Amino acid sequence: MPLVAGVDSSTQSCKVVVRDAGTGALVRFGRAPHPDGTSVDPDHWWRALQSAISAAGGLDDVSAVSVGGQQHGMVALDSSGAVVRDALLWNDTRSAAAALQLVDELGGPQAWADAVGSVPVASLTVTKLRWLRDAEPANAERVAAVALPHDWLTWKLAGASGLDALTTDRSDASGTGYWSPASEDYRRDLLTLALGHDAALPRVLGPREAAGRAGGALLGPGAGDNAAAALALGLGPGDVAVSIGTSGVVSAISTSATADGTGLVTGFADATGAFLPLACTLNASRVLDAAARMLGVDHEGLSDLALSVPAGADGLVLVPYLEGERTPNKPDATGALHGMRLANTTPAHLARAAVEGMLCALADGIDALVAQGVEVRRLFLIGGGAQSRAVREIAPSVLGLDVHVPTPGEYVADGAARQAAWVLSGSDQPPAWSAAGAATVQTAAAAPHVRAQYAAVRELTGRRPA
């Protein structure tokens, strides 16, 4: 059978999987790091992609390739196709004030939700363009086209130079703030509202439409990271993925678009033609990293500590807004410990509070999806944070449902590979194989007091000091 490749160009690294197109069996894998920071020269992504491809044995024998990537990042190009300035990533919060301005200018949150399925927050591309207009007007004037990270990498793989060759897909376009999943059209008036003028935008491809060729390989349309992961897992209506990575994401497959004026749920599209309503937190696995660092232990030690005290950490609550927060929209918030007493100021209690606080924020995301009429039957726990024993054991009681934990994998790259196999096959449906492997099931045990004590204090977090 032919081989296909899938790429995950994430915040922290680039990963490439090469799989058998017919069975999904993993053949080769490569990885390369990305630089730290929330503002990055896209050339770093290109060099990392080349290194990861080389580490995966190259693409000479690959028949199709597709790129999954971090969403929302602003890649601004001039009329020659050159990058205007470093790309602002999804977790760059400098456009928080711009988001508030844009919300007001269109007539409020519900007007935005009705227009594009999402209410602008600092992570969305549209707010970064407004920041660029106001903070760097000379650079804004040079912008002739706006792309997302995966769009730009696909364009580079195709060897294209003209801006009219830029392509994207529904899932990533739906995270810009100027493309509507409901109407499947760009809202150029919103692009102009943000940037101050119109610009070229990538052509939005269908779920199995080829974007061109990379050498001898077909190029798939690509996908945003969450949509690619859902494709890898083979999720369908009623399935919810809780992903604990740099960000925390609760996403569900839905047959209808959402328009949540509260801003808690962003109404994205998925990679199959359906929809992917999603709630995202800025603080996920790095909450565990921070707690382990504070306590001077590794992650296994953190789990040992957290599991040694009862649910609720005897009243100690961590509100984990360590880098501001997106859901709820509090970009200037800080984290806080509440309920401290002599009896619960121990390393074990802090470890438990860190795990529970992170999970409570994700549980709020599930509640927000349900409030939008999204069906929730099964939960899948994925991402680096899912490898924590404490997270796996505590999650069912906090999230309130049995939790399926699939075999660890590179789900974004795997989803991109499955999409590449779909494009290659020309079939109406994606390949039957899933990259998820067998899932273990963690059974829920009721602990409603954990959510209740978190809810009682989460709104008490303050702003960062001036």
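Coordinates for the structure precede this section.
Each value, and the rule that gives it
Residues numbered from 1 in each chain as written. Predicted model: local features only at pLDDT ≥ 70, side-chain atom pairs only at ≥ 80, totals over all residues. Heavy atoms only, no water. Helix = DSSP H or I, 4+ residues; strand = E, 2+ residues; numbered from the N terminus. Polar contact = N/O pair within 3.5 Å; in protein donor to acceptor, adjacent residues only side chain to side chain. Contact = heavy atoms within 4.5 Å. Buried < 20%, exposed > 50% of the residue type's maximum accessible area, 1.4 Å probe, protein only. Arc of directions from axis to C-beta. Salt bridge = Lys/Arg side-chain N within 4 Å of Asp/Glu carboxyl O. Phe/Tyr/Trp six-rings, centres within 6.5 Å; stacked < 30°, edge-to-face > 60°. Lys NZ or Arg CZ within 6 Å of the ring centre and 35° of its normal. Disulfide = S-S within 2.5 Å. Pairing = 2+ DSSP bridges. Axes fitted to C-alpha atoms, helices over the stretch in contact; angles between N-to-C directions. Parallel < 35°, antiparallel > 145°, perpendicular 65-115°, else oblique. Left-handed = near helix turned anticlockwise from the far one by under 90°. Nonpolar A, V, L, I, M, F, W, Y, C, P; charged D, E, K, R; others polar. Core = buried A, V, L, I, M, F, W, Y, C linked by side-chain atoms within 4.5 Å. Right-handed = clockwise from strand over helix to strand, strands pointing away.

Draft legend 1. Fine view of the side chain of Glu136. As for its position among the elements, Glu136 is in the loop between helix H4 (125-135) and helix H5 (137-142). Within the structure, Glu136 has its side chain in polar contact with the side chain of Arg85 (distance 2.7 Å). Those residues in contact with Glu136 that lie beyond four places of it in its chain are Arg85 and Trp131.

Draft legend 2. Summary view of helix H2 (residues 96-106). Within H2, burial applies to Ala96, Ala98, Ala99, Leu102 and Val103. Taken end-on, H2 shows its buried residues confined to a sector of 155 degrees, consistent with a single buried face. Opposite the buried face of H2, at more than 90 degrees from it, the exposed residues are Leu100 and Asp104. Residues of H2 that are buried sit in contact with helix H3 (109-116), H4 and helix H8 (188-195). One or two steps after H2, the chain reaches Gly107, where phi turns positive at roughly 110 degrees.

Draft legend 3. Region of interest: unusual backbone geometry. Positioned with a positive phi, His72 is a non-glycine residue whose angle comes to about 75 degrees. Looking at the secondary structure, you find His72 in the loop between strand E5 (62-69) and strand E6 (75-77). For His72, a relative accessible area of 4% corresponds to the buried category. One non-glycine residue with positive phi stands out, namely Ala313, at about 50 degrees. By the secondary structure assignment, Ala313 is in the loop between helix H11 (299-306) and strand E20 (317-319). Residue class for Ala313 comes out buried when judged on its relative accessible area of 0%.

Draft legend 4. Representation of the pattern of salt bridges. Here the structure, examined in full by the defined rule, presents 26 salt bridges. Among the salt bridges present, the one from Glu209 reaches Arg203, with a minimum N-O distance of 3.2 Å. Residue classification places Arg203 among the partly exposed positions, given a relative accessible area of 45%. Between Glu300 and Arg389 there is a salt bridge, with the nearest N and O atoms lying 2.6 Å from each other. Of the two residues, Glu300 sits in helix H11 while Arg389 sits in helix H13 (residues 389-399), which places them 89 residues apart along the sequence. Ionic contacts of the salt-bridge type, sharing partners, join the residues Lys330, Asp364, Asp367, Arg451, Arg458 and Glu459 into one network.

Draft legend 5. Geometry of the packing of aromatic side chains. Taken as a whole and assessed by the stated rule, the structure comprises two aromatic pairs. Considering the side-chain rings of Trp45 and Trp152, the 6.5 Å spacing of their centres and the 75 degrees angle between planes classify their relative orientation as edge-to-face. One end of the pair, Trp45, is in helix H1 (residues 43-55); the other, Trp152, is in helix H6 (residues 149-157), and 107 residues separate them in sequence. Trp152 matches Trp45 in its accessibility class, with the two residues each being buried. For the cation-ring pair, Lys156 lies above Trp46, with the distance from its terminal atom to the ring centre recorded as 5.2 Å. A cation over a ring is seen here: Arg170 above Phe275, with NZ or CZ 5.6 Å from the ring centre.

Draft legend 6. Spotlight on the state of the cysteines. Per the counting criterion, the structure on display carries zero disulfides. Unpaired in this structure, Cys280 has its nearest cysteine sulfur neighbour in Cys360, at a distance of 17 Å. Taking the relative accessible area as the measure of exposure, Cys280 reaches 5% and is therefore buried.

Draft legend 7. Structural view of the sheet that holds strand E24 (residues 439-442). Pairing within the open sheet is mixed, and its seven strands lie in the order E18-E19-E17-E16-E22-E23-E24. Among the strands making up the open sheet, the edge pair consists of strand E18 (266-269) and E24. When strand polarity is set aside, the average angle formed by the axes of neighbouring strands in this sheet is 30 degrees. Seen against the sheet, helix H12 (residues 347-371) touches strand E16 (239-244), strand E17 (248-252), strand E19 (275-281) and strand E22 (378-382) and runs at an angle of roughly 25 degrees to E17.

Draft legend 8. Local environment of the packing of H12 against H13. With their axes 9 Å apart at the nearest point, H12 and H13 run at an angle of 45 degrees to one another. Judged by the angle between their axes, H12 and H13 are oblique. For the pair H12 and H13, the sense of crossing is right-handed. Facing H12, whose interface residues are Arg352, Val355, Glu356, Met358, Leu359, Cys360, Leu362, Ala363 and Ile366, H13 presents Ala390, Val391, Ile394, Ala395, Val398 and Leu399. Class assignment for the residues of the contact of H12 with H13 results in 13 nonpolar, no polar and two charged.

Draft legend 9. Here's a closer look at the nonpolar core. Val242, Ile244, Val355, Leu359, Leu381, Val391 and Leu399 are the most contacted members of the largest nonpolar core, which has 48 residues in total. For this core, the leading source of residues is H12, giving 13 residues. If we skip the residues at most four places from it in the chain, Val355 touches Leu288, Ala306, Ala390, Val391 and Ile394. Of all hydrophobic cores here, the second largest spans 37 residues; its members include Val40, Ala147, Leu163 and Leu205.

Draft legend 10. Quick peek at the side chain of His72. A distance of 2.7 Å separates a polar side-chain atom of His72 from the backbone oxygen of Gly175. Look past the residues within four positions of His72 in its chain and what remains in contact with it is Trp90, Ser123, Leu124, Thr125, Lys128, Leu148, Asp172, Gly175, Phe268 and Arg326.

Draft legend 11. Looking closely at the pairing of strand E23 (residues 403-406). On E23, burial covers both faces: Val403 and Val405 on one face and His404 and Pro406 on the other are all buried. Note on the crossover from E22 through H13 to E23: the handedness is right-handed. Bridge count between E23 and E24: four bridges; the pairing is antiparallel. Its bridge partner being in E24, Pro406 is matched across the sheet by Ala439.

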